[in-house]
There are 2 protein chains.
Amino acid sequence: MIRLSKLSDYAIVVLTTMARDPANHCGGATFPCGLLAQKSGVPEPTVAKLMKLLAKGGVVTSQRGMSGGYGLARGASDISVADIIAAVEGPISLTECVGGHDDTGCQVERLCAVRGNWDRINTALVGALSSVSLAEMAEPFIPAAYRDGVPRIKEIA
Amino acid sequence: MIRLSKLSDYAIVVLTTMARDPANHCGGATFPCGLLAQKSGVPEPTVAKLMKLLAKGGVVTSQRGMSGGYGLARGASDISVADIIAAVEGPISLTECVGGHDDTGCQVERLCAVRGNWDRINTALVGALSSVSLAEMAEPFIPAAYRDGVPRIKEIA
DNA sequence: AGGATAGAGGACTAATTCTGTCCTGTATAT
DNA sequence: ATATACAGGACAGAATTAGTCCTCTATCCT
């Protein structure tokens, strides 16, 4: 299974929480870690770790001092899932030997003529992750049965 | 970094070796583990482990006994990278809570309204991995400078 | 038939990576 | 001045992965 680290998963959850919060409807709202932990259900130390990474990655802005906190660096539609993952986990790549890491001492290197071809897959992957924005992730999840105008139970009765 | 396990990486390398081998030009050739290890540069015990998984996943066929070995189950163009990864690592999904795992005891579940939205990303990811075939991975890697008909050094002189 | 080859299946150890937590230092608003 | 809140790094425990090995079964060749 291709795994996303839990940290990235949490990042999406926390950022989604921020994007959804009414206080952020005008944009620019800041939330301290404790509040984010409370609203999202993610443990506070973990939230703190996360936000530091996200701030460094330019996904959120930070404000120190009293009544400080973190806020989205730009609109939720302008933040892609790829941005978030890159901030938390570093550059997105499936294998180690993509992008000029000639010093990894890969024993198969001499015989491995596959290397360059991974680029295609990485490109496809990054494209897929870039095509989904935080705003889309923040949309309420609607079970398939209720999509496309299928009437609710109440309306059936 | 979204990481592919090393095993999957090796799988691509080994399968690529098989697809490229002249003996397989007519298709249906079988290679014992030892030979595959030798040709690919991947340690033999690892190759053995790999091939078992790939056989179980239907990517390769196995033939026991003397002069037996493994062969591609179908043409290299009909084997996608997604097939290979699925065989080695199990179902492709970025997060644990996709696909009805209601018993994982996810503490955030109640507050996590993101779950269903991961499907979009998973779909995009699987699409990306399905769109690249083993045959494409087996193509010799040509540095960008020499693509698109740029003459080789020899031809320049 | 008998021996040699080669895969099937599973168990196990070591290493790596990830997770989650804590501590100290610095900036800011009241 | 002081309390709040982020910045940065260090660290121990847990979980996963990697890699190896052993035994059993099937098939081919002599």
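All figures in this text were calculated on a predicted structure; none of them were measured in a lab. (Residues numbered from 1 in each chain as written. Chains lettered and ligands numbered in written order. Predicted model: local features only at pLDDT ≥ 70, side-chain atom pairs only at ≥ 80, totals over all residues. Heavy atoms only, no water.)

Caption draft 1: A look at the protein's contact with DNA strand D. S62, R64 and Y70 of chain A together with K6 and R64 of chain B are the nearest of the 23 residues found near DNA strand D. Close to the protein, within 4 Å, the atoms of DNA strand D are drawn from sugar and phosphate at a rate of 69%. Here C33 of chain A contributes a backbone N or O atom positioned 3.3 Å from a phosphate oxygen of DNA strand D. Between R64 of chain A and DNA strand D, the recorded distance is 2.6 Å, taken from a side-chain N or O atom to a sugar or linking oxygen. Taken together, the elements giving at least two residues each to the surface near DNA strand D come down to β1 (60-63) and β2 (69-72) of chain A together with α1 (6-20) and α3 (44-56) of chain B. Here the surface near DNA strand D is composed, by residue class, of 10 nonpolar, eight polar and five charged. (Near = heavy atom within 4 Å. Polar contact = N/O pair within 3.5 Å; in protein donor to acceptor, adjacent residues only side chain to side chain. Helix = DSSP H or I, 4+ residues; strand = E, 2+ residues; numbered from the N terminus. Nonpolar A, V, L, I, M, F, W, Y, C, P; charged D, E, K, R; others polar.)

Caption draft 2: Focus on the relation of the copies chain B and chain A. Superposing chain B onto chain A requires a rotation of 179° together with a translation of 0.0 Å along the rotation axis, leaving an RMSD of 0.1 Å. In short, the pair behaves as if placed about a two-fold rotation axis. Relative to the rotation axis, the C-alpha of L125 of chain B is the closest in chain B, positioned 3.0 Å from it. Comparing interface residues between copies, 98% of those in chain B also sit at the interface in chain A, which points to an isologous, same-surface contact. (Least-squares fit on C-alpha atoms with pLDDT ≥ 70 in both. Contact = heavy atoms within 4.5 Å.)

Caption draft 3: Local environment of the protein's contact with DNA strand C. Taken together, 23 residues form the shell around DNA strand C, and within it K6 and R64 of chain A together with K52, R64 and Y70 of chain B come nearest. At the protein interface, 68% of the atoms of DNA strand C within 4 Å belong to sugar or phosphate. A distance of 2.8 Å is found between a base nitrogen of DNA strand C and a side-chain nitrogen or oxygen belonging to K52 of chain B. Mapped by element, the contributors of at least two residues to the surface near DNA strand C are α1 (6-20) and α3 (44-56) of chain A together with β1 (60-63) and β2 (69-72) of chain B.

Caption draft 4: Quick look at the interface of chain B and chain A. Each partner contributes to the interface: chain B provides 42 residues, whereas chain A provides 41 residues. Contact between chain B and chain A buries roughly 4100 Å² in total, counting both sides, with carbon and sulfur atoms accounting for 66%. Along the contact surface separating chain B from chain A lie zero salt bridges. Listing elements by their share of the side of chain B that touches chain A, those giving two or more residues are α1, α2 (33-40), α4 (81-89), α5 (118-130) and α6 (134-138) of chain B. Take the side of chain B that touches chain A: its biggest share by element is seven residues, from α5 of chain B. Classifying every residue of the side of chain B that touches chain A by side-chain character gives 26 nonpolar, eight polar and eight charged. (Buried area = accessible area lost by both parts, 1.4 Å probe. Salt bridge = Lys/Arg side-chain N within 4 Å of Asp/Glu carboxyl O.)

Caption draft 5: Looking closely at unusual backbone geometry. In this structure, S67 of chain A is a non-glycine residue whose phi angle is positive, near 55°. Note that S67 of chain A resides in the loop between β1 and β2.

Caption draft 6: Layout of the confidence of the model for chain A. Looking at chain A, pLDDT values average 80 and 75% of them are 70 or higher. Within the model, pLDDT remains below 50 along residues 143-157 of chain A, and this stretch shows seven contacts once partners closer than five positions in the same chain are excluded. (pLDDT = per-residue confidence, 0-100.)

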